[in-house]
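So you can see what is in the structure, the chains are spelled out below.
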Amino acid sequence: MIKTRATPSPVKTGAVISAPVLPVDIRVAGLCKSFADTPIFQDVSFGLPRGEAVAIVGANGTGKSTLLRCLMGLIPADSGSVDVLETDIVNARPAALRATRSQMGLVSQKHNLVPRLSVLSNVVQGLLGQRPGLRHWSQTFAPAASRDAAMAALDKVGLAHLASRRADRLSGGQSQRVAIARALIGHPKILIADEPTASLDPAAGEDVMELFFSLARREGVTVIFISHNIDHALQYGDRVLGLAGGKLGLDARADSLNAKQLRGLYD
Amino acid sequence: MRNNCGAFMTDMTSPARFERPSALAFLGYAGAIVIILWSFAGAGFSVDKVISSPPRFADFIDRAFPPNLEPKVLARLGWKMLETLQIAFAGAVIGVILSVPIALVAARGLIAGNWVNQIVRTTLGFIRAVPDIAWALVFVVAVGLGPFAGMLAIAIDTIGFCGRFYADDMEAADTGPAESLTATGARKLDVVACATIPAAMPAFISTSLFALEKAVRSSTILGLVGAGGIGIELKVGFDLFDYPTAMTVILMIAVVVITIEQFSGWARTKVIGEQR
């Protein structure tokens, strides 16, 4: 382990608060996951205070995406606990899980837009967690307030002029911007990005990262992102978590690390 | 391992053109040949009959040609063919519409549990196992002679076909959009409606066009058991040895079925061509 940093605690010590204490949005303790008797990671523990941007790095197959899916309750963990926005994700009932997810946004490597629907419908569907039902299945039936919110989200990513275009007729960079708009429309408290630039060329990747983090910082949300780009991890992350050998092998402030140290995780 | 130049060292020996089958594979091939020969014997395959049949077939062709093209007959058969197409379209549309909710509960990992999936899939398997002509006989008993019985037979046959394939299409659809919507806290029903069904839509349309082709082919023979359509004309033509009229019916069926297949193929190419 290169350098560790204690998880920030919201607990006051005595009557004096030595520094502003931020609420912890995500708290993971002793998390283990395996697939068909093949252990992916074991005993992963960390905590993320509100507003922090955390990069997760590590070689292929170290379980970075699996870890994110466990955080969102998309796949079950074998053991350990995951508390997100004060919800016990591992033991939560479906309704509680949906309520917590509705305060989160996900941006995936492959954009994951619904290809045959319009850009505006895709963004409106980002509200389904908060406003379930037929009216948010398509922009056609959506209430005016939701359509306006979707247009505002598209405007933030500079694609309001493409609202009526089919999602499968966008470039990779445009698709990822729409995915960001969809993740942001519900004003989430936590944003999760799984290699958001992996399918983009370097220039489009830089644009997407700039946009993603300028919007995330403006909204003051907690961000967890996976990246194989070490420069991105150091530039955009306040903190870096590194997975290696089935363990959390690194937990350090980004400004205390250099590229060479992170490359060591890939050896 | 790399050589001195830094290139990977690999075995350059090309594999044999033919691989000797294992003893188990050899037994499998031998067993398959025995089953084929046994089936031929059971089916009454006779070389003598194959040799003697061309003259009889030529006699039928001689008596059937030229087909009966009298305007009165053509008008009667035309109306019957129209009724056949109506039975096929109405039955296929009802079947396709009802197949969607049935497929939703048949598809594994969508909205219903495993045991519900299994029950619905088994039921769909039963529907498919019963031939359309048998369904027509059942509905003739249930609702009486006529095209309505034929339409119901086509509808249930379409449910058996589309219900299973729609379910398979949804299971095979890209799960990425569904995962992204699930991650926003959307309910299962919303995820299926907004991500899974749109992702499977090209496959749905392709399957529906196959169902329409199948429905048109089936509807042409349902008349044999009194379930409406042009099939009754074919039966009467053969029963009365009116081979020219029977040949007219056969040619009309061939033209309509080939036209529907051509249209279906064109529409399928257009739909799948849109997929990028």
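This text goes with the structure placed above it.
Reading the values: rules and limits
For every chain, the first residue of the written sequence is number 1, and numbering continues from 1 along that sequence. Following the order in which they are written, the chains are lettered starting with A and the ligands numbered starting with 1. With the structure being a predicted model, the display of local features is reserved for residues of pLDDT at least 70 and the display and counting of side-chain atom pairs for 80 or more, all residues being used for whole-chain, interface and lining totals. Water and hydrogen atoms play no part in the side-chain values, which are based on all heavy atoms of the structure. Residue contacts are defined here by distance: any two heavy atoms, one from each residue, within 4.5 Å place the two residues in contact. Throughout, the accessible surface (probe 1.4 Å) given up by two parts as they are put together, summed over both, is called the buried area. By definition here, a salt bridge exists when the distance from a side-chain nitrogen of Lys or Arg to a carboxyl oxygen of Asp or Glu is within 4 Å. Two N or O atoms form a polar contact when they lie within 3.5 Å of each other; inside protein one atom must be a possible hydrogen donor and the other a possible acceptor, and for residues adjacent in sequence the pair counts only when both atoms belong to side chains. When accessible area is computed with a 1.4 Å probe and restricted to protein chains, residues below 20% of their type maximum are described as buried, those above 50% as exposed, and intermediate ones as partly exposed. Working definition: helices are DSSP H or I runs of at least four residues, strands are E runs of at least two. Numbering for both runs from the N terminus. Here the expected span of a helix is defined as 1.5 Å times the quantity of residues minus one. Note on method: axes are straight lines fitted to C-alpha atoms, helices fitted across the in-contact stretch only, with angles between N-to-C directions ranging 0 to 180 degrees. Oblique is the label for any angle not covered by the other classes, which are roughly parallel (under 35 degrees), roughly antiparallel (over 145) and roughly perpendicular (65 to 115). In the scheme used here, Gly and all other residues not listed as nonpolar or charged are polar, with Ala, Val, Leu, Ile, Met, Phe, Trp, Tyr, Cys and Pro taken as nonpolar and Asp, Glu, Lys and Arg as charged. In short, DSSP must find at least two bridges between two strands for them to pair. What makes a nonpolar core is a set of buried Ala, Val, Leu, Ile, Met, Phe, Trp, Tyr and Cys residues whose side-chain atoms join them at distances within 4.5 Å. The path from the first strand over the helix to the second decides the hand: if it runs clockwise while the strands point away from the viewer, the crossover is right-handed. Residues are said to line a cavity or pocket when one of their atoms sits within 4 Å of a point; the points come from a 1 Å grid over protein atoms alone, cavities being sets where a 1.4 Å probe fits but cannot get out and pockets being open sets with protein on both sides within 12 Å along at least five of seven lines. Grid points are joined across faces, edges and corners, and a volume is the space filled by probe spheres set on the points.

Comments concerning the interface of chain A and chain B
- Each partner contributes to the interface: chain A provides 26 residues, whereas chain B provides 22 residues.
- Across the interface of chain A and chain B, roughly 2,200 Å² is buried in total on both sides, 57% from carbon and sulfur atoms.
- When the buried area of chain A at its contact with chain B is split by residue, A:N112, A:R116 and A:W137 rank highest and sum to 27% of it.
- The interface formed by chain A and chain B holds one salt bridge in total.
- With a closest N to O distance of 2.9 Å, B:E179 and A:R69 form a salt bridge.
- Counting across the interface, chain A meets chain B through six residue pairs in polar contact (both at pLDDT 80 or more).

Quick notes on helix α1 (residues 64-72) of chain A
All names here are of chain A.
- Buried residues dominate α1, accounting for eight of its nine residues.
- Regarding α1, the residues found buried are K64, T66, L67, L68, R69, C70, L71 and M72.
- Of the residues flanking the end of α1, it is G73, one or two places downstream, whose phi is positive at about 70°.

Quick word on helix α1 (residues 23-42) of chain B
Residues and elements named next belong to chain B.
- Relative to the 28 Å expected for 20 residues at 1.5 Å per residue, α1 spans 29 Å between its end C-alpha atoms, a close match to the ideal helical length.
- Burial of α1 is sparse: only zero of the 20 residues sit out of reach of the surface.
- Phi turns positive, to about 70°, at G44, one or two residues after α1.

Considerations on the packing of helix α3 (residues 71-106) of chain B against helix α4 (residues 114-129) of chain B
Residues and elements named next belong to chain B.
- As a packed pair, α3 and α4 sit with axes 7 Å apart at the nearest point and diverge in direction by 130°. On the basis of their axis angle, the class for α3 and α4 is oblique. Residue-level inspection shows I102, V105 and A106 of α3 in contact with α4, the latter providing V116, N117, V120, R121 and L124.
- Its residues placed into classes, the contact of α3 with α4 shows six nonpolar, one polar and one charged.

Some words on the environment of A:A149
All names here are of chain A.
- With respect to the secondary-structure elements, A149 resides in helix α4 (residues 144-156).
- For A149, a relative accessible area of 26% gives the class partly exposed.
- Here the alpha-carbon distance between A149 and A36, two residues 113 residues apart in the chain, equals 43 Å.

Some details on the sheet that holds strand β7 (residues 190-194) of chain A
All names here are of chain A.
- Spatial ordering of the open sheet is given by β6-β7-β8-β3-β9-β10, a layout of six strands whose pairing is mixed. Looking at which strands have only one partner, the edges of the open sheet turn out to be β6 (104-107) and β10 (247-253). Between one strand and the next, the sheet's axes are offset by a mean angle of 15°, whatever the strand orientation.
- The pairing of β7 with strand β8 (residues 222-226) spans five bridges and is classified as parallel. Each residue of the ladder has a partner; that of D194, found in β8, is I226.
- Packing against the sheet, helix α5 (residues 172-184) makes contact with β6 and β7, and its axis sits at approximately 170° to β6.

A short note on the environment of A:P196
Residues and elements named next belong to chain A.
- Relative to the helices and strands, P196 resides in the loop between β7 and α6 (202-219).
- Judged by relative accessible area, which is 3%, P196 ranks as buried.
- Between the C-alpha atom of P196 and that of Q261, which follows or precedes it by 65 residues, the distance is 23 Å.
- Leave out the neighbours within four places in its chain, and P196 touches V107, Q176, V208, M209 and I226.

A short note on the nonpolar core
- Counting residues in each nonpolar core, the largest one holds 52 residues, and the members touching the most others are A:L154, A:I180, A:V223 and A:L262.
- A per-element tally of this core places α6(A) first, with eight residues.
- Here A:L262 is in contact with A:V57, A:I230, A:A233, A:L234, A:V240, A:L250 and A:L257, once residues within four sequence places are set aside.
- Of all hydrophobic cores here, the second largest spans 49 residues; its members include B:A106, B:A153, B:A211 and B:V249.

With respect to the pattern of salt bridges
- According to the stated counting rule, one finds 21 salt bridges over all chains in the structure shown.
- The salt bridge involving A:D251 is made with A:R239; its shortest N-O contact spans 2.9 Å. Note that A:D251 is positioned in strand β10 and A:R239 in strand β9 (residues 239-244), a separation of 12 residues in sequence.
- You can call A:R239 buried: its relative accessible area is 0%.
- When the shortest N-O distance is used, the salt bridge between B:E83 and B:K80 registers 3.5 Å. Taken together, the residues span about one helical turn, with B:E83 and B:K80 both in helix α3 at a distance of three residues.

Overview of the pairing of β7(A)
All names here are of chain A.
- Within β7, five of the five residues are buried, which leaves it mostly tucked inside the rest of the structure.
- Residues I190, I192 and D194 point to one face of β7 and L191 and A193 to the other, with burial holding for every one of them.
- Following the chain from β7 across α6 to the adjacent parallel β8, one finds a crossover that is right-handed.

Comments concerning the layout of surface pockets
- There is about 520 Å³ of room inside the largest pocket.
- B:G109, B:A178, B:T182, B:K188 and B:V191 are the residues nearest the centre of the largest pocket, which is lined by 23 residues in total.
- Elements represented by at least two residues in the lining of the largest pocket include exactly α2 (94-101) of chain A together with α6 (147-172), α7 (176-182) and α8 (188-219) of chain B.

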